[in-house]
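Inside the fold
One letter stands for each residue in the lines below.
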Amino acid sequence: MRIVVKVGTSTIAHPTGRLNIRHVDQLVRVMADLKNAGHELILVSSGAIGMGVGKLNLKTRPDDIPSKQAAAAVGQCELMYTYDKLFGSYNHTVGQMLITSEDIEDENRRTNFENTMNRLLELGAIPVINENDTTSTSEIRVGDNDTLGAIVAKATGADILILLSDIDGLYDDNPSVNPDAVLIRQVDEITEEITAMAGGAGSEFGTGGMATKIAAARMVTEIGCDMVIINGNNPERMYDAIEGTVLGTRFSGCK
Ligand code: GLU
């Protein structure tokens with residue numbers, strides 16, 4: 001299987017902006033094991049800004065663009081250093097790709113991006129992708145990594161997109177407000193009712209919410225790719241996700 005894993009800032013980093021070692025260790029271990037089993041893996045990782053905030057000892061996530069971009073420049077190094085070291089310890093090689101929406105919208109640039117990503121896979125490396133936050137400003141932003149994950153899954157013809165989030169999956173109501181909210185395990189069709197279940201809120205450090213996840217599901221299921229949302233506090237659930245039993249929400253691709 002060709003598997004795209006998108007991991008959110010809330011999984012990678014503690015609220016302090018410092019690395020969540022337990023989560024990242026498990027994430028890399030499971031991905032390395034899936035690769036050893038013969039699957040192809042691509043990682044779309046958030047966390048550059050959040051980790052930069054931690055590393056620069058900023059009290060909160062900054063609001064102004066230059067500070068966010070400076071934080072991303074620092075945090076992206078920390079992220080890649082960590083992935084290179086941890087995947088390297090399982091004898092796997094990573095390659096960093098940082099992109100902006102211009103790389104997707106311009107046909108030539110998109111072709112280059114896809115060629116590089118596919119060649120990395122042929123060479124047995126694990127592409128690690130993020131938005132180029134140091135140069136993207138609002139006009140040229142992809143926006144959020146749920147969307148970027150869907151773009152990557154489409155471009156590579158992936159079989160499954162796994163979103164590791166700070167929530168167990170899609171609920172029929174906001175679970176932080178309504179304790180009786182029910183987790184939806186399977187979505188075969190993205191109806192208006194399903195879209196209405198998605199609120200807009202994300203965590204302090206991340207940018208995505210449930211609405212961006214539903215939009216991502218819409219993009220990938222169209223090409224027959226499944227999408228699964230699972231809680232990033234237990235990356236071992238990725239095994240269940242690819243075996244078809246999900247402890248979160250599965251959106252079935254239109255086959
Ligand atoms: N590119 C952002 C970062 O690495 C995250 C965007 C997102 O999580 O949607 O901080």
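Look up: the structure comes first, before these words.
Notes on the structure in this doc start here. Each chain carries its own residue numbering, running from 1 in the direction its sequence is written. Per-residue local features are limited, in this predicted model, to residues with pLDDT of at least 70; the limit for side-chain atom pairs, both in listing and counting, is 80 or more; totals at the level of whole chains, interfaces and linings are taken over all residues. Note that the side-chain values use all heavy atoms of the structure and ignore hydrogens as well as water.

**Considerations on the overall build of the protein**
In plain terms, the rule: Secondary structure is summarised from DSSP: a helix means a run of H or I of at least four residues, a strand means a run of E of at least two, and numbering begins at the N terminus for each. C-alpha atoms define the radius of gyration, and 2.2 Å times the number of residues to the power 0.38 defines the globule rule. A 1.4 Å probe rolled over the protein chains alone gives each residue an accessible area, and that area as a share of the maximum for its type sets the label: buried under 20%, exposed over 50%, partly exposed in between. Contacts are assigned to residue pairs that have any heavy atoms within 4.5 Å of one another. Each accessible area is a Shrake-Rupley result for a 1.4 Å probe, and residues are judged covered by the shown protein chains and nothing else. Counting rule for charge: Lys and Arg are taken as positive, Asp and Glu as negative, and neither His nor the chain ends is counted. By convention, the charge on Lys lies at NZ, on Arg at CZ, on Asp at CG and on Glu at CD.
Across its full length, the protein holds 10 helices and 10 strands. What you see for the protein is a C-alpha radius of gyration of 17 Å, in line with the 18 Å of a compact globule of 255 residues. A total of 255 residues make up the protein; the buried ones form 54% of that total. Pairs at least 24 residues apart make up 72% of the contacts formed inside the protein by residues separated by at least 6 positions. In the form shown here, the protein has an accessible surface area of approximately 11500 Å², with 48% of it arising from carbon and sulfur atoms. Of the side-chain charges in the protein, 22 are positive and 35 negative, and the distance between the mean point of each set is 6 Å.

**Some thoughts on the environment of A70**
Residue position: A70 is located in helix 4 (residues 65–89). A sequence separation of 17 residues divides A70 from F87, and the C-alpha atoms of the two residues are 26 Å apart.

**Observations concerning the sheet that holds strand 3 (residues 94–99)**
Just so we agree on the cut-off: The criterion for strand pairing is that DSSP finds at least two bridges linking the strands in question. Axis lines are fitted to C-alpha atoms, over the contacting stretch for helices. Their N-to-C directions set the angle, which ranges from 0 to 180 degrees.
Spatially, the 8 strands line up as an open sheet ordered 3-4-2-1-5-9-10-8, and their pairing is mixed. The open sheet has two free edges, formed respectively by strand 3 and strand 8 (186–187), since each of these has just one partner strand. Strand direction decides the pairing type here: strand 3 and strand 4 (residues 126–131), joined by 6 bridges, are parallel. Across the sheet, the residue bridging to Q96 is V128, located in strand 4. Across the sheet, helix 2 (residues 21–36) lies against strand 1 (2–7), strand 2 (40–45), strand 4 and strand 5 (160–165), angled at about 155° from strand 2, the strand it touches most. Helix 6 (residues 107–122) rests against strand 1, strand 2, strand 3 and strand 4 of the sheet, and its axis sits at about 165° to strand 3.

**Points about the nonpolar core**
Inside soluble globular proteins, nonpolar side chains tend to come together where they are buried. Condition: Only buried residues count toward a nonpolar core, which is a set of Ala, Val, Leu, Ile, Met, Phe, Trp, Tyr and Cys residues joined through side-chain atoms within 4.5 Å.
Residues V152, L161, L170, M227 and F251 are the most contacted members of the largest nonpolar core, which totals 38 residues. The biggest single contributor to this core is helix 7 (residues 145–156), with 6 residues. The contact partners of V152, leaving out residues within four places of it in the chain, are V4, I42, V44, F113, M117 and I129. The next biggest cluster of nonpolar side chains, apart from the first, holds 36 residues, and it includes A13, L43, L79 and V128.

**Observations concerning the packing of aromatic side chains**
Rule in force here: Pairing of aromatic rings covers Phe, Tyr and Trp, the last through its six-membered ring, and needs centres within 6.5 Å; plane angles under 30 degrees mean stacked, over 60 mean edge-to-face, and all others mean tilted.
Per the counting criterion, the structure on display carries 1 aromatic pair. Note on Y83 and F87: the rings are 6.2 Å apart at their centroids and 40° apart in plane angle, and the pair reads as tilted. Remark: F87 and Y83 occur in helix 4; sequence separation between them is 4 residues, near one turn of the helix. For Y83, a relative accessible area of 1% gives the class buried. Accessibility expressed as a relative area gives 0% for F87, which makes it buried.

**What about the environment of G52?**
With respect to the element layout, G52 can be found in helix 3 (residues 48–55). Separated by 20 residues in the primary sequence, G52 and A72 have C-alpha atoms spaced 5.6 Å apart. Excluding residues within four positions of it along the chain, G52 makes contact with G47, A71, V74 and G75.

**Section: the packing of helix 6 against helix 7**
The line we're drawing: In these notes the angle categories are as follows: under 35 degrees is roughly parallel, over 145 is roughly antiparallel, 65 to 115 is roughly perpendicular, and the rest is oblique. Three residue categories are used. Nonpolar comprises Ala, Val, Leu, Ile, Met, Phe, Trp, Tyr, Cys and Pro, charged comprises Asp, Glu, Lys and Arg, and polar comprises the others, including Gly.
It is the contact of helix 6 with helix 7, at a shortest axis distance of 10 Å, that shows an interaxial angle of 75°. As summarised for this structure, helix 6 and helix 7 are arranged roughly perpendicular, according to the angle between their axes. Across the interface between the two elements, F113, E114, M117 and N118 of helix 6 pack against V152, A155 and T156 of helix 7. Grouping the amino acids of the contact of helix 6 with helix 7 by side-chain chemistry returns 4 nonpolar, 2 polar and 1 charged.

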